[in-house]
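As a plain string of letters, each chain reads:
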Amino acid sequence: MKINQEKLLHQIKLAKQGNQMAFNFLLDSFWGNVYAFLLQKTQNENDAEDITIQTFSKAFDKISSFNEEYQFKTWLITIAKNIHIDFLRKKKSSITIETSKDQEKEAFKVIDDAPSPEDKIITEQNLAKLLRDIKQLKPKYQEVINLRYFQELSYKEIAENIDEPINNVKVKLLRAKKLLAEIIKKS
C-alpha cells in the first residue's frame, strides 16, 4: 500500500504528541510490511507476530526519537532486525521444543466449548455471538481481550499478569481489536 508522504509525516507528528488514532494509523499501515519481513526471517508465524508486536511497541515507545529525514518503514524494519537478533540470542540460550506446522494446526483444533460462569452471564445478556468471534482469535489475543474487557484489568495489571511490557500489551490489544473487527465484519 502506497502511503502519501505528507499524510504519513502528519500522522507521525500526531503520534509524537501521543495521539492514539495516529498510532492506529501507523500500526495498520506498516503491520503487513514488518510482519512479512519477520515471517521471511523466522519462518514461523507465531514468532513473526510476537516480534512484530515488540517492534511496534518499541517504535511507539521511542517515536519521539524518529528523524523525519528518514523513511519510517526503514526505521521500523531496523527495529525489527534488532529485536529479531535479540530473539535469536535468547532462543540459543534457552531450551525450546520446535513444533511442525501440522502440530500447530492440531493444537488449534482443540476446542474448549465448556462454558464458564462468565460465558453463561454473557450469553444471558445476548453476547454469545461476540464470544464465538473472540474464540476465533489466537489464544494470546483472547487472553488480552479477556483480561482487559471481561476482567477489567488496567494495562499495568495485564502487563504484570502476562509478564510483558505495557507497550506490548497496548499493541496486542490494538491488534486483537483489529482482528476481532475483521471477524465480526465477515460473520
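Residues numbered from 1 in each chain as written. Predicted model: local features only at pLDDT ≥ 70, side-chain atom pairs only at ≥ 80, totals over all residues. Heavy atoms only, no water.

Under an unreviewed UniProt entry, the name given to the chain is RNA polymerase sigma-70 factor, ECF subfamily, and the organism recorded is Tenacibaculum polynesiense. Under the UniProt heading Sequence similarities (unreviewed entry), the note attached to the chain is "Belongs to the sigma-70 factor family. ECF subfamily." (UniProt positions renumbered as here; feature names shortened; annotations may be inferred.)

Asks: Sorry if this is basic, but what is going on with the overall build of the chain here?
Replies: When helices and strands are counted, the chain shows ten helices and zero strands. For the chain, the succession of helices and strands along the chain, N to C, is α-α-α-α-α-α-α-α-α-α. When each of the 187 residues of the chain is scored for burial, the buried share is 36%. Taking the intrachain contacts of the chain between residues at least 6 apart in sequence as the baseline, contacts between residues at least 24 apart amount to 58%. Carbon and sulfur atoms provide 52% of the accessible area of the chain, an area that totals close to 12300 Å². (Helix = DSSP H or I, 4+ residues; strand = E, 2+ residues; numbered from the N terminus. Buried < 20%, exposed > 50% of the residue type's maximum accessible area, 1.4 Å probe, protein only. Contact = heavy atoms within 4.5 Å. Areas by Shrake-Rupley, 256 points an atom, 1.4 Å probe, with all protein chains shown as cover.)

Asks: Explanation requested: the pattern of salt bridges in the structure shown.
Replies: It is possible for side chains bearing opposite charge to pair when their charged atoms get close. Enumeration over the complete set of coordinates arrives at six salt bridges. Close ionic contact of D28 with K178 constitutes a salt bridge, the shortest N to O distance being 3.5 Å. Linking D28 in helix α2 (residues 20-42) with K178 in helix α10 (residues 166-186), this pair joins segments that are 150 residues apart in sequence. Taking relative accessible area as the criterion, D28 reaches 41% and is therefore assigned partly exposed. By relative accessible area, which is 26% here, K178 ends up partly exposed. Two residues, K138 and E49, come together in a salt bridge whose shortest N-O distance is 2.6 Å. Linking K138 in the loop between α7 (128-134) and α8 (139-150) with E49 in helix α3 (residues 45-61), this pair joins segments that are 89 residues apart in sequence. (Salt bridge = Lys/Arg side-chain N within 4 Å of Asp/Glu carboxyl O.)

Asks: What's the story with the packing of aromatic side chains in this structure? I'm lost.
Replies: For any two aromatic rings, the description comes down to two numbers: the centre-to-centre distance and the angle of the planes. Summed over the entire model, instances satisfying the criterion amount to seven aromatic pairs. Centre to centre, the rings of F72 and W75 are 5.5 Å apart; their planes meet at 40 degrees, and the pair counts as tilted. Separated by three residues within a single helix, F72 and W75 lie in helix α4 (residues 72-93), roughly one turn from each other. Members of the aromatic cluster, connected to one another through ring pairs, are F23, W31, F56 and F60. One cation-aromatic arrangement involves K140 over Y141; the distance from NZ or CZ to the ring centre is 5.8 Å. (Phe/Tyr/Trp six-rings, centres within 6.5 Å; stacked < 30°, edge-to-face > 60°. Lys NZ or Arg CZ within 6 Å of the ring centre and 35° of its normal.)

Asks: I'm lost on the side chain of D47 in this one. Help?
Replies: Note that D47 resides in helix α3. Not counting chain neighbours up to four residues away, the residues in contact with D47 comprise T42, F87 and K91.

Asks: Help me understand α10 in this model?
Replies: Each full turn of the α-helix corresponds to 3.6 residues, which orients residues three or four apart in the same direction. Relative to the 30 Å expected for 21 residues at 1.5 Å per residue, α10 spans 30 Å between its end C-alpha atoms, a close match to the ideal helical length. Along α10, the positions that sit buried rather than exposed are N168, V169, V171, K172, L173, L174, R175, A176, L179, L180 and I183. (Expected span 1.5 Å × (residues − 1).)

Asks: Is there a simple way to think about the packing of helix α9 (residues 155-162) against α10 in this case?
Replies: Two numbers describe a pair of packed helices, the interaxial angle and the distance between the axes. Here α9 crosses α10 at 100 degrees, and the two axes come no closer than 8 Å. Here α10 runs roughly perpendicular to α9, going by the angle between their axes. Each of Y155, K156, I158, A159 and I162 in α9 lies in contact with α10, whose residues at this interface are I166, V169, K170 and L173. When grouped by side-chain class, the residues that make up the contact of α9 with α10 number seven nonpolar, no polar and two charged. (Axes fitted to C-alpha atoms, helices over the stretch in contact; angles between N-to-C directions. Parallel < 35°, antiparallel > 145°, perpendicular 65-115°, else oblique. Nonpolar A, V, L, I, M, F, W, Y, C, P; charged D, E, K, R; others polar.)

Asks: I would appreciate a short explanation of unusual backbone geometry in the present structure.
Replies: Across the chain, the bulk of peptide bonds are trans and the bulk of non-glycine residues have phi less than zero. Positive phi values are uncommon outside glycine, yet Q43 reaches one of about 60 degrees. Along the chain, Q43 falls in the loop between α2 and α3. Even without a glycine there, the phi angle at E152 is positive, about 55 degrees. Along the chain, E152 falls in the loop between α8 and α9.

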